[in-house]
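What follows is the residue order along each chain.
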Amino acid sequence: MASAPIQSAFAEQEIVDVQLVLAADVSLSMSYEELRIQRDGYVAALTHESVIQAIKDGAYGKIAFAMFEWAGNESHYVVVPWTIIASREDAEAVAALIAQQHTNSARRTSISGALDFAGDLFAESNYRGLRRVVDISGDGPNNQGGPVVEARDRLLEQGIVINGLPLMTESGMSTVFDVPDLDEYYSYCVTGGPGSFVIPVNEWDQFPEAVRRKLVLELAGPWSPTWRDYAAQAPVVRVSNVEAYDCLIGEKRWMNRSWNWPSP
């Protein structure tokens, strides 16, 4: 009898093809211009015809979408609460909400905190996705909060897939905390789950296309002509090519930092 309320609540959840949490890095190591490009890229991708068609190609033709910006372990700002996207009008409304809000930068980089916050969003959702995906961007390794691998594994144990968008551009503020192979770090330490992938961004002009492709690959599957078109393009999806990686590299660099360096 004790399980009856839980079963009832589960049955009342609206079913969608995908529950997607988009987690965008807004740490101080990113310039104002980079933050603007990132936000504009998400706005453009969500309203692109290929992304909208990928949503429509699903069994239910709708997704549940949430977005938050993150930096340090306690820096999480919900830009878009859980919202259904099932049409161009829905996508445009979400894009307008993203575009009109001011980005709040903050110190430090806690990927583990962002992943835990994403897990909380899923737990509080009134939707039930056939798939649950976290789409996380970032320009550096974890340097605050718990170990990133432990946070990742907590989500993977719940069947949540994590995909990565490492920002490897050279136009922002360079610090001692940067790692040159951030794509490998994301591949080995951050992402995981069935079909997970990483799409590195090496130049900011690549960002809109990278986001668009990433969303299509996350929201649809091989049954979708749109998905097949994007999957057949020149490879930008990267999996880890290393046998091991020091997933505490960000924490170690922070502990050994010089106080003359700016905080990321």
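Data block above holds the structure.
Below is a summary of the structure that appears in this document. (Residues numbered from 1 in each chain as written. Predicted model: local features only at pLDDT ≥ 70, side-chain atom pairs only at ≥ 80, totals over all residues. Heavy atoms only, no water.)

So, about the sheet that holds strand β4 (residues 127–138). Pairing in this open sheet of five strands is mixed, and the strands run β3-β2-β1-β4-β5 from one edge to the other. Of all strands in the sheet, those bounded by a partner on one side alone are β3 (76–85) and β5 (161–166). Within this sheet the neighbouring strands show an average axis-to-axis angle of 15 degrees, counted without direction. Contacts from helix α4 (residues 88–100) reach β2 (63–70) and β3 within the one sheet, and its direction differs from that of β3 by about 170 degrees. (Pairing = 2+ DSSP bridges. Helix = DSSP H or I, 4+ residues; strand = E, 2+ residues; numbered from the N terminus. Axes fitted to C-alpha atoms, helices over the stretch in contact; angles between N-to-C directions. Contact = heavy atoms within 4.5 Å.)

Counting 43 residues, the largest nonpolar core has F65, M67, I98, L165, F207 and L219 as the members making the most contacts within it. For this core, the secondary-structure elements that each account for two or more residues are β1 (14–25), α2 (32–46), α3 (49–56), β2, β3, α4, β5 and α8 (207–219). Here this core takes seven residues from α8, the largest share from any one element. Excluding its chain neighbours within four sequence positions, the residues that come into contact with M67 are L22, A24, Y42, Y77, V78, V79, V80 and I98. With 35 residues, the next largest nonpolar core counts V16, Y127, V179 and Y185 among its residues. (Core = buried A, V, L, I, M, F, W, Y, C linked by side-chain atoms within 4.5 Å. Buried < 20%, exposed > 50% of the residue type's maximum accessible area, 1.4 Å probe, protein only.)

This paragraph deals with α4. Helix length check: α4, at 13 residues, gives a terminal C-alpha distance of 18 Å against a target of 18 Å (1.5 Å per residue), a fit within 8%. By the burial criterion, the buried members of α4 are A91, V94, A95 and I98. Viewed end-on, α4 has its buried residues packed into an arc of 100 degrees, placing them on one side of the element. Across from the buried face of α4, at angles greater than 90 degrees, the exposed residues are E89 and Q100. Buried residues along α4 sit against α2, α3, β2 and β3. (Expected span 1.5 Å × (residues − 1). Arc of directions from axis to C-beta.)

Scope: geometric values only; no functional claims are made or implied.
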